[in-house]
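What follows is each chain in one-letter form.
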Amino acid sequence: MDVRSGFGARIAAARKALAAGGSSLPLPTPALRITNGLAMISLVLSSCDLLRLCSDRDRPLGGRELATVLCQLASVVYLLGLLASPSAAAHPKTPAPSGDNDDGGGSPRRPLAAAPAPMHAGVEDDEEIVAAVVSGALPSHHLESRLGDCRRAARLRREALRRVTGRGVEGLPLDGMDYQAVLGQCCEMPVGYVQVPVGVAGPLLLDGRHYHVPMATTEGCLVASVNRGCRAIAASGGAASVLLRDAMSRAPVVRLPSAKRAAELKLFVEAAANFDTLASVFNRSSRFGRLQGIQCALAGRNLYIRFSCSTGDAMGMNMVSKGVENILGYLRNDFPDMDLISLSGNYCSDKKPTAVNWIEGRGKSVVCEATIKGGVVQSVLKTTVQTLVELNIIKNLAGSAVAGALGGFNAHASNIVTALFIATGQDPAQNVESSQCITMLEAVNDGDDLHISVTMPSIEVGTIGGGTCLASQAACLNLLGVKGPNCDSPGANAKLLATIIAGSVLAGELSLLAALAAGQLVKSHMKYNRSSKDVANDDS
């Protein structure tokens, strides 16, 4: 009687334990599901048998009863052991870190049943993770979401890379980078960061204000050259800039059943009567994106539609792309036979030297000018006005024409643009079109002074988004007074950054042309662009 009562108490305790924790038991594999199911069936059947045994108090204990008790105990021990197992808490029911997902988008992260479970920090756990990455069991791009620690993910990825390639990256820094800021915005699968020296040229006196210009470069003599140009400009009263246009573009390509049908769509989107309607559809995508114009080009039955819009303080590629998608959806109401081939049809045109950007502009279109006094040309630049004017005609204008240049009628605008882009967190690849520039020099004031200007139709910059969120790049933007959005006048910071870039290009063009005119180029580079250690070991 007492034995049976004890069995009843055990059954009740087991049921209570199952009610508290059984519903949350993880079943990570089919084999474990089958095993757990058999244990549950055994527990239920033995419990039922024991209940019948308890109700029949006159029935003697026999072999069947003993077997039932053993099955009961074994099932309870197995299930309680499963509940207490540390691995139960490590299976995919653990929520993923906020914002992390496998496809890089905004959709919820799907559970990865076959992926290794998250592991606690420690030397042994690190070894298991690295081994899993090396073997391919754990994809490298899953490390951040699985570990919840971006720096640790980068460190273990480095070690896995060393084992796979047999080459280390000891010279590549790991510490000092905010990998959480990088995640989902700047770089995938990071293993460190590259150090680029940042020099400061200036002050650049532009539009009555002084700017100290940060330049990230490994080319010796570049910062010194721009600095000399800034000195010449400041000594002559400063430079002035004009922003001609502010419009980022995106040009999808769509295909219609016939060229006639494509022409009909062209007439529809370019009609002035339809612009306000299309603009209202476009402008729904953003608080700052505002459609400014639509320009089309036809090639057979393919139609390239170039949308241009203002984008506030952002560079704006994503902003304009969302607006374009809205308009394409609207156009399908009247043109259901329109087939979208690509959201970008290369008529935009992004990261390529093109005539459409050179003529129509993209991003910020800026002109910057200065009048350099004749005395400054001689004392600071070590040359003469007439020599500089003649050199510019023969080199930047005629020489570029002979080379078939497209927007490259300058000495080295790309040098300054790239250095500023890297320092301030811009997209370095957009240096291609942002460096399109024509440099003009002429003698003024009866030939005594020099007028110099740079015209740059497609400077693509922003002060929010992309690499501007990183601490080093944000510091450089802050140095220029253009960090983040301008809340009082949206877009003003990005426009100011574009004019500062144009002013810096003006200084760089002036100094390099002077060095070429005075025959100082080789001497300057030998002084600033080659270390004494390298020169000592070089017989050339």
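The structure presented is a predicted model; accordingly, all values stated were derived computationally and were not measured.

Trainee: Any chance you could explain the overall build of the chain here in plain terms?
Mentor: A tally of helices and strands in the chain yields 20 helices and eleven strands. Across the chain, contacts joining residues at least 24 apart in sequence account for 70% of those joining residues at least 6 apart. Of the accessible surface of the chain, which amounts to about 26,400 Å², a share of 57% is contributed by carbon and sulfur atoms.

Trainee: Sorry, what's going on with the nonpolar core here?
Mentor: Grouped together as the largest cluster of nonpolar side chains are 55 residues, with contacts concentrated most on Met215, Ile372, Leu450, Ile501 and Val505. Broken down by element, the residue count for this core peaks at 13 residues, all from helix α18 (residues 492-517).

Trainee: I'm lost on the confidence of the model for the chain in this one. Help?
Mentor: Low-pLDDT stretches of the model should not have their predicted coordinates read in fine detail. Averaged over the chain, the pLDDT score is 85; the fraction of residues at 70 or greater is 79%. Of the regions scoring below 50 in pLDDT, residues 13-28 engages in 21 contacts with residues more than four places distant in sequence or in other chains.

Trainee: How should the environment of Ser310 be read in this particular structure?
Mentor: For Ser310, the location among the structural elements is in strand β6 (residues 302-310). On the accessibility criterion, Ser310 (15% relative accessible area) is buried. Measuring from C-alpha to C-alpha, the distance between Ser310 and Gly289 comes to 5.5 Å, with 21 residues separating the pair along the chain. Ignoring any residue separated from it by four or fewer positions in sequence, one finds Ser310 in contact with Asp246, Phe288, Gly289, Arg290, Gln292 and Met319.

Trainee: Can you help me understand the pairing of strand β3 (residues 240-250) in this one?
Mentor: For a regular strand, the rule is simple: side chains alternate between the two faces of the sheet. Both β3 and strand β8 (residues 363-372) contribute to a ladder of seven bridges, which runs antiparallel. Its bridge partner being in β8, Ala247 is matched across the sheet by Gly363. Pairing between β3 and β6: three bridges, direction antiparallel. Bridge pairing links Met248 to Cys309 in β6.

Trainee: Sorry if this is basic, but what is going on with the side chain of Asn431 here?
Mentor: Inspection of the secondary structure puts Asn431 in helix α16 (residues 431-434). One polar contact links Asn431 to Thr418, side chain to side chain, over a distance of 3.0 Å. Those residues in contact with Asn431 that lie beyond four places of it in its chain are Ser414, Val417, Thr418 and Phe421.

Trainee: What am I meant to see in unusual backbone geometry here?
Mentor: Glycine aside, negative phi is the norm for most residues, and most peptide bonds take the trans geometry. Note the cis peptide between Gly202 and Pro203, where omega equals 10°. For Pro203, the position within the fold is in strand β1 (residues 198-206). Residue Cys348 is joined to Ser349 through a cis peptide bond whose omega torsion reads 0°. Along the polypeptide, Ser349 turns up in the loop between β7 (339-342) and α12 (355-360). For Asn346, which is not glycine, the phi torsion reads 70° and is therefore positive. Take Asn346: it is sitting in the loop between β7 and α12. Its identity is not glycine, yet Lys382 carries a phi of approximately 60°, on the positive side.

Trainee: Looking at this structure, how should I read the environment of Arg362?
Mentor: For Arg362, the location among the structural elements is in the loop between α12 and β8. Separated by twelve residues in the primary sequence, Arg362 and Asp350 place their C-alpha atoms 8.9 Å from one another. A distance of 2.8 Å separates a polar atom in the side chain of Arg362 from a polar atom in the side chain of Ser249.

Trainee: When you look at the packing of aromatic side chains in this model, what are you seeing that I'm missing?
Mentor: Geometrically, a pair of aromatic rings is defined through the distance of the ring centres and the angle of the planes. One pass over the full model with this rule turns up two aromatic pairs. With 5.6 Å between their ring centres and 70° between their planes, Phe268 and Phe335 make a pair best called edge-to-face. With Phe268 in helix α9 (residues 259-270) and Phe335 in the loop between α11 (317-331) and β7, this pair connects stretches of sequence that are 67 residues apart. Owing to a relative accessible area of 6%, Phe335 belongs among the buried residues under this scheme.

Trainee: Sorry if this is basic, but what is going on with the pattern of salt bridges here?
Mentor: For side chains bearing opposite charge, pairing can occur when the charged atoms are close. Within the structure shown, the criterion is met by 16 salt bridges. A salt bridge links Arg261 to Glu264; the shortest N-O distance between them is 2.9 Å. Of this pair, Arg261 and Glu264 both sit in helix α9, three residues apart, roughly one helical turn. Arg261 gets classed as partly exposed once you look at its relative accessible area, which sits at 21%. The closest approach of N and O atoms between Asp427 and Lys351, which form a salt bridge, is 2.8 Å.

Trainee: What am I meant to see in the packing of helix α14 (residues 385-403) against α18 here?
Mentor: For any two helices packed against each other, the geometry is given by the interaxial angle and the distance between the axes. Running from amino to carboxyl end, α14 crosses α18 at an angle of 100°, the nearest separation of the two axes being 10 Å. The orientation of α14 relative to α18 falls into the category roughly perpendicular. Touching Thr387, Leu388, Leu391, Asn392, Lys395 and Asn396 of α14 are Glu509, Leu513, Ala514, Leu516 and Ala517, all from α18. Looking at the contact of α14 with α18, its residues break down into six nonpolar, three polar and two charged.

Trainee: Please clarify how helix α17 (residues 471-480) should be interpreted in this entry.
Mentor: Side chains three or four residues apart in an α-helix point the same way, a direct result of the helix having 3.6 residues per turn. Of the residues making up α17, those classed as buried are Gln473, Ala474, Cys476, Leu477 and Leu480. For α17, the buried positions fall inside an angular range of 160° around the axis, keeping them on one side. Set apart from the buried face of α17 by more than 90 degrees, the exposed residues are Ala471 and Ser472. On the buried face of α17, the contacting elements are β1, β2 (209-216), α15 (413-424) and α18. Count one or two residues on from α17 and you reach Gly481, which has phi positive near 80°.

Scoring rules and cut-offs
Residues numbered from 1 in each chain as written. Predicted model: local features only at pLDDT ≥ 70, side-chain atom pairs only at ≥ 80, totals over all residues. Heavy atoms only, no water. Helix = DSSP H or I, 4+ residues; strand = E, 2+ residues; numbered from the N terminus. Contact = heavy atoms within 4.5 Å. Areas by Shrake-Rupley, 256 points an atom, 1.4 Å probe, with all protein chains shown as cover. Core = buried A, V, L, I, M, F, W, Y, C linked by side-chain atoms within 4.5 Å. Buried < 20%, exposed > 50% of the residue type's maximum accessible area, 1.4 Å probe, protein only. pLDDT = per-residue confidence, 0-100. Pairing = 2+ DSSP bridges. Polar contact = N/O pair within 3.5 Å; in protein donor to acceptor, adjacent residues only side chain to side chain. Phe/Tyr/Trp six-rings, centres within 6.5 Å; stacked < 30°, edge-to-face > 60°. Salt bridge = Lys/Arg side-chain N within 4 Å of Asp/Glu carboxyl O. Axes fitted to C-alpha atoms, helices over the stretch in contact; angles between N-to-C directions. Parallel < 35°, antiparallel > 145°, perpendicular 65-115°, else oblique. Nonpolar A, V, L, I, M, F, W, Y, C, P; charged D, E, K, R; others polar. Arc of directions from axis to C-beta.

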